[in-house]
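So the chains spell out like this:
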Amino acid sequence: MELKAKLYLVDEEGNKFMGIGVLWLLEQVEQQNSLRKAASALGISYSKAFAMVQHLEKGLGVPVLNRRKGGANREGATLTEFAVQFLALYRQFNKQAKGSLSSPFSLFKKELGLLLEEYDEHGGEV
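Conventions used here
Counting of residues starts from 1 at the beginning of each chain's written sequence and follows it residue by residue. With the structure being a predicted model, the display of local features is reserved for residues of pLDDT at least 70 and the display and counting of side-chain atom pairs for 80 or more, all residues being used for whole-chain, interface and lining totals. Processing note: side-chain calculations cover all non-hydrogen atoms of the structure and skip hydrogens and water entirely. Under the pairing criterion, centres of Phe, Tyr and Trp rings, with the six-membered ring standing for Trp, must be within 6.5 Å; the plane angle then separates stacked pairs below 30 degrees from edge-to-face pairs above 60, leaving the rest tilted. Runs of E in the DSSP output that reach at least two residues are strands. Runs of H or I that reach at least four are helices, and both are numbered from the N terminus. Think of it in three bands: residues with accessible area under 20% of the maximum for their type are buried, residues over 50% are exposed, and the middle band is partly exposed, with areas taken using a 1.4 Å probe on protein chains only. Whether a charge sits over a ring depends on NZ of Lys or CZ of Arg being within 6 Å of the ring centre and within 35 degrees of the ring normal. Contact criterion: two residues are considered in contact whenever any of their non-hydrogen atoms come within 4.5 Å of each other. For a helix, the expected span equals 1.5 Å multiplied by the residue count minus one. For helices, the fitted line uses only the C-alpha atoms of the stretch in contact; every axis is such a line through C-alpha atoms, and the angle between N-to-C directions lies from 0 to 180 degrees. Working rule for angles: under 35 degrees goes down as roughly parallel, over 145 as roughly antiparallel, 65 to 115 as roughly perpendicular, anything else as oblique. Note: crossing handedness is left-handed where the near helix turns anticlockwise from the far helix by less than a right angle, and right-handed where it turns clockwise. Asp, Glu, Lys and Arg are counted as charged, while Ala, Val, Leu, Ile, Met, Phe, Trp, Tyr, Cys and Pro are counted as nonpolar; the rest, among them Gly, fall into the polar class.

A few words now on the packing of aromatic side chains. Here the structure, examined in full by the defined rule, presents five aromatic pairs. Here Phe-86 and Tyr-90 contribute two aromatic rings whose centre-to-centre distance is 6.1 Å and whose plane-to-plane angle is 35°, an arrangement assigned as tilted. Pair noted here: Phe-86 and Tyr-90 are both in helix α4 (residues 81–99), with a separation of four residues, about one helical turn. This pair shows no difference in class: Phe-86 is buried, exactly as Tyr-90 is. With 6.2 Å between their ring centres and 55° between their planes, Tyr-90 and Phe-93 make a pair best called tilted. Of the two residues, Tyr-90 and Phe-93 both sit in helix α4, three residues apart, roughly one turn of that helix. Among the aromatic residues, those joined into a ring-pair cluster are Phe-82, Phe-86, Tyr-90 and Phe-93. Taking NZ or CZ as reference, Lys-16 lies 4.1 Å from the ring centre of Tyr-8, over its face. In this structure, Arg-36 is placed above the aromatic ring of Tyr-46, and the distance from its NZ or CZ to the ring centre is 4.1 Å.

Set out below in structure tokens:
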């Protein structure tokens, strides 16, 4: 048995604006220097990727992408300095938060094992 935990940042209305999908998207933007290429690498539409970035920027209240327009392909985006620091902070938080679940989960598994043994010993009755 394993534990899987998903963490999201939500706004005042409870709408998600930051989670693992947005993290992956911004990591791809950092590698590809393009929101369109990042979306393609993740197999999502550009419009979905654009909406994800808009929700994040609205939730945080600051821009996360430097958008470049013009040139032959009329595309390009890089992370703002804020976004680079935010991603590092979010990764650290995510790792720490998920790591702090290991102790309570170990206790849960132990207690569940005892409960199951008791259930088996009593022929399906606890």
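Anyway, onward from the coordinates.
You can see Met-18 is positioned in strand β2 (residues 16–18). When near neighbours in sequence (up to four residues on either side) are disregarded, Met-18 contacts Leu-7, Tyr-8, Leu-9, Leu-23, Leu-56, Phe-86, Leu-87 and Tyr-90.

Turning our eyes to something else, we now look at the environment of Gln-96. With respect to the element layout, Gln-96 can be found in helix α4. Classification of Gln-96 by relative accessible area gives exposed; the value is 52%. Considering only alpha carbons, one finds Gln-96 and Ser-47, 49 residues apart in sequence, at a separation of 32 Å.

Here we take up helix α1 (residues 20–32). Across its 13 residues, α1 extends 18 Å between first and last C-alpha, which sits within 8% of the 18 Å expected from 1.5 Å per residue. For α1, the set of buried residues is Val-22, Leu-23, Leu-25, Leu-26, Gln-28 and Val-29. On its buried face, α1 sits against β2, α2 (35–42), α3 (46–60), β3 (65–67), β4 (77–79) and α4.

The phi angle at Asn-33 is positive, at roughly 55°, despite the residue not being glycine. Here Asn-33 is to be found in the loop between α1 and α2. For Asn-33, a relative accessible area of 35% translates into the label partly exposed.

Between α1 and α2, the shortest axis-to-axis distance is 8 Å and the interhelical angle comes to 125°. On the basis of their axis angle, the class for α1 and α2 is oblique. The handedness of the crossing between α1 and α2 comes out as right-handed. Contacts between α1 and α2 involve Trp-24, Leu-25, Gln-28, Val-29 and Gln-32 on the former and, on the latter, Leu-35, Lys-37, Ala-38, Ala-39, Ala-41 and Leu-42. The residue makeup of the contact of α1 with α2, split by class, is eight nonpolar, two polar and one charged.

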